[in-house]
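Structural overview for review
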Number of protein chains: 2
Amino acid sequence: MGLLDEIREQPAVIDRTIARNGEPARRVAELSAGCTHAVIAGRGTSDNAGRYAQYVWGSRNGLSVGLTTPSLFSVYDRPPRLDGALVVGISQSGESPDIVSVLEEGRAQRRPTVAITNEPESPLADFADVVIDIEAGEERAVAATKTYTAQLTVIALISEAMAGEGDVLHRLPGWVTSALEQEQKTEERTHGLSEIEHCAVLGRGFNQSTAFEWALKLQELTHVIAQPFSTADFLHGPVAVVEPGYPVLAVTALGPAADDVVDVLRRCAEAGASLTVIGNDTRLQDVATSYLAFGPDVDEWLSPIPAIVIAQLLSYHLTLAKGLDPDAPRGLRKITRTT
Amino acid sequence: MGLLDEIREQPAVIDRTIARNGEPARRVAELSAGCTHAVIAGRGTSDNAGRYAQYVWGSRNGLSVGLTTPSLFSVYDRPPRLDGALVVGISQSGESPDIVSVLEEGRAQRRPTVAITNEPESPLADFADVVIDIEAGEERAVAATKTYTAQLTVIALISEAMAGEGDVLHRLPGWVTSALEQEQKTEERTHGLSEIEHCAVLGRGFNQSTAFEWALKLQELTHVIAQPFSTADFLHGPVAVVEPGYPVLAVTALGPAADDVVDVLRRCAEAGASLTVIGNDTRLQDVATSYLAFGPDVDEWLSPIPAIVIAQLLSYHLTLAKGLDPDAPRGLRKITRTT
């Protein structure tokens, strides 16, 4: 089992995650009903899952979500008051001490606590009122793929439980299967990207999380200096770095944020950027140097799941194109323990 | 008046900001007493000021602070519930519609609202119960410098008001004057950096905000692809990009986070990175290729103010070393209106 196997395993993982987590998702929804807001702690890939929850729970369920600063709970030992908060820790391994310290403090302040993890026997789970096992199975590759989409699926399940709905998620495994069919096209695109050393990765709204996670995969696997931005933040300064040939990667989906993303990408194209776009907005077919599509029927709020699968495939093939080993990234260990 | 003048003006600006804002800071402290948490909206430089508030109000005042996602309030028009929240908008111009929409929604939900701005007659101020004029005077340079340190000073003033204290801030202008004395050393350092095209910028805790703002100045002025990280997040993946000669910039201050930062920087040095450090932790004098110091007596929680001044000077001189015009950055306007 290598990275590519784990990428391809995702339709089955998502199917299993949905099938097994209806009940704990409903318990989280019940806990959230008594809270004014949610506080989420995560690092790396899990922080990107938290970013997704900000948009999903905020827009669909009216729940205000803040991403906390774990060091206040750990190295500084000066945790803020968590009055009114649902306290959520996201960690694949459930072991990073700084994330554990946030749930420990939530419990000490008698707030409801939730662990979203692939290790239900972990220290993180010990401090959680509800433990959601993302059911991804063992992830051997250092770069997280199936655990990320399983975390997003759990966040979507909780949103459906909070809304009292639940009939859309069964389409997810099919959408992800279709996304996997883009593999050959992602491989072809890497021929044009194999020499890049840096790039910007753009997204907005729900897919800001995808931009951040795509950039992280590129950093981990290809050593490309990939910098993620909300398209709005990009206009507040960083747009200055775009020059002819500068590689810009972007993710977008049909929805209220689409016009804004199209405008920014047209501006990048006018400045001569080389544009790689993952999306289902056909206006970008002519603007992009390379356009990698997921289905037109994919709901915007769920699009980060098929979108990141295409981004994972592109990152995997770019790693090979650069002559690197996707199963042995330099300088990384599977479990990172930060305090 | 150009960028360098505005950088040098900062001790006087900070002195004025402190002298004139005691009363509105106390009003914000009173409003915060009835809130469970704070929600801050800002973009670009102002978002970095919000990041500073997360640490300062969280650790010194126990106030949990979340940085909100403005697009939920603007493009998506699906604002979350703000129950219990102090709603704060930070914007130099007070004009960006997405930031204004957050305060407008705060008022519609009958929550206390605060505007921190250099334009007290702006649309942002119209929706604020308390308007804090940062009193920075007109900022002509596109790259924000004095408005950023004035925003941080206001956040520190509010923290002092919440704590019922107020005798440390008078030392700030002197610390910033000392920081300005590092100018020649920053200019010398730029000789070793004039060819760089990308770099990582690291900080943790209070100075995570400094790392993000330093990276933004480099992007705006020098077109260097500067990517900011918390040192903890850096270990969760991006550390893989470090190779011999790779430029790493870092900010640190004596305090609980210092050991962690020193460990990460030693690891970068072992991997052959070229290290530029701004700090007052003398352990890093031997580790860093270049060490730019602020005073050993600077309190950690206030260190982001003198630290960013040194970073601004380095960014300014690197712009000149690259043959670019610091007063006319490519592709940027002073007021960015994002929706």
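Residues numbered from 1 in each chain as written. Chains lettered and ligands numbered in written order. Predicted model: local features only at pLDDT ≥ 70, side-chain atom pairs only at ≥ 80, totals over all residues. Heavy atoms only, no water.

Right, let's get into the sheet that holds strand E9 (residues 274-279) of chain B. Residue and element names in this part refer to chain B. Taking strand neighbours across the sheet as the criterion, the five strands line up as E7-E6-E8-E9-E10 in an open arrangement whose pairing is parallel. With partners counted over all chains shown, the strands left at the sheet margins are strand E7 (225-230) and strand E10 (290-293), one partner each. Between one strand axis and the next, the sheet turns by 20 degrees as a mean value, whatever way the strands run. The sheet strands contacting helix H14 (residues 304-321) are strand E8 (247-252), E9 and E10, and the helix crosses E9 at an angle near 135 degrees. (Pairing = 2+ DSSP bridges. Helix = DSSP H or I, 4+ residues; strand = E, 2+ residues; numbered from the N terminus. Axes fitted to C-alpha atoms, helices over the stretch in contact; angles between N-to-C directions. Contact = heavy atoms within 4.5 Å.)

With 93 residues, the main nonpolar core has Trp57(A), Ile116(A), Ile155(A), Val201(A), Trp214(A) and Ile278(A) as its most contacted residues. Ranked by residues supplied to this core, first place goes to helix H15 (residues 304-321) of chain A with ten residues. If sequence neighbours within four positions are ignored, Trp214(A) has contacts with Val201(A), Leu249(A), Ala250(A), Val251(A), Thr276(A), Ile278(A), Ile308(A), Ala311(A), Leu314(A) and Ser315(A). Of all hydrophobic cores here, the second largest spans 92 residues; its members include Ile7(B), Val56(B), Ala156(B) and Ile158(B). (Core = buried A, V, L, I, M, F, W, Y, C linked by side-chain atoms within 4.5 Å. Buried < 20%, exposed > 50% of the residue type's maximum accessible area, 1.4 Å probe, protein only.)

Right, let's talk about the pattern of salt bridges for a bit. The tally for this structure, following the rule as stated, stands at 34 salt bridges over all chains. Put simply, Arg171(B) and Asp297(B) hold a salt bridge, and the shortest N to O gap is 2.6 Å. Note that Arg171(B) is positioned in the loop between helix H8 (146-163) and helix H9 (172-180) and Asp297(B) in the loop between E10 and H14, a separation of 126 residues in sequence. On the accessibility criterion, Arg171(B) (35% relative accessible area) is partly exposed. Using a relative accessible area of 38% as the deciding quantity, one classes Asp297(B) as partly exposed. Measuring nitrogen to oxygen at the nearest pair gives 3.0 Å for the salt bridge that ties Arg204(B) to Asp260(B). Residue Arg204(B) is found in the loop between strand E6 (198-203) and helix H11 (208-222), and its partner Asp260(B) is found in helix H13 (residues 258-270); the two are separated by 56 residues along the sequence. What makes Asp260(B) buried here is its relative accessible area of 14%. Residues participating in the shared-partner salt-bridge network are Arg43(A), Asp98(A), Arg204(B) and Asp260(B). (Salt bridge = Lys/Arg side-chain N within 4 Å of Asp/Glu carboxyl O.)

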